[in-house]
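Residue-level listing of the chains:
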Amino acid sequence: MKAEGHPDYHLITVKMTDGTEYQTRSTWGKEGDTMSLEIDPLSHPAWTGGRQQVQEGGRVAQFNKRFGGLSLKK
């Protein structure tokens, strides 16, 4: 393998929304940089059980609203 074909893989610090930090290896940033997360498993509704956005007016709902009264009966 060519050495220049791969990105630099180094240690960074990841800071969660509650302030906890841990170190991991990544290609993001430079050696020793800190990545501050805005959304993580501690705060995102998909993991915390919070309110989820549900689409109420999809294509089928729009079709039924527009053509729901029509029937093929004679």
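The preceding data block contains the structure.
Scoring rules and cut-offs
- Residues numbered from 1 in each chain as written.
- Predicted model: local features only at pLDDT ≥ 70, side-chain atom pairs only at ≥ 80, totals over all residues.
- Heavy atoms only, no water.
- Helix = DSSP H or I, 4+ residues; strand = E, 2+ residues; numbered from the N terminus.
- Buried < 20%, exposed > 50% of the residue type's maximum accessible area, 1.4 Å probe, protein only.
- Contact = heavy atoms within 4.5 Å.
- Areas by Shrake-Rupley, 256 points an atom, 1.4 Å probe, with all protein chains shown as cover.
- Pairing = 2+ DSSP bridges.
- Polar contact = N/O pair within 3.5 Å; in protein donor to acceptor, adjacent residues only side chain to side chain.

*Asks:* Any chance you could explain the overall build of the protein here in plain terms?
*Replies:* When helices and strands are counted, the protein shows two helices and three strands. When the helices and strands of the protein are placed in sequence order, the string is β-β-β-α-α. Counting every position in the protein, which comprises 74 residues, the buried fraction comes to 9%. Considering only contacts in the protein between residues 6 or more positions apart, those separated by 24 or more positions represent 8%. Taken as a whole, the protein presents about 7000 Å² of accessible surface, with 52% of it coming from carbon and sulfur.

*Asks:* I would appreciate a short explanation of the pairing of strand 1 (residues 10–15) in the present structure.
*Replies:* Strand residues, when the strand is regular, have side chains that alternate between the two faces of the sheet. Bridging between strand 1 and strand 2 (residues 21–26) involves six bridges; their strand directions are antiparallel. By the bridge assignment for strand 2, Val14 is matched with Tyr22. Counting the residues that bridge the hairpin from strand 1 to strand 2 gives five residues, and of these Gly19 lies at a positive phi of roughly 100 degrees. Where strand 1 meets strand 3 (residues 34–36), three bridges bridge the pair, whose relative direction is parallel. What sits directly across from Val14, in strand 3, is Met35.

*Asks:* Help me understand the side chain of Ser26, please; the structure alone is not making it clear to me.
*Replies:* Relative to the elements of secondary structure, Ser26 occurs in strand 2. Judged by relative accessible area, which is 16%, Ser26 ranks as buried. Side-chain polar atoms of Ser26 contact the backbone nitrogen of Trp28, separated by 2.9 Å. With sequence-adjacent residues up to four places away left out, Ser26 is seen in contact with Asp8, Tyr9, His10 and Ile12.

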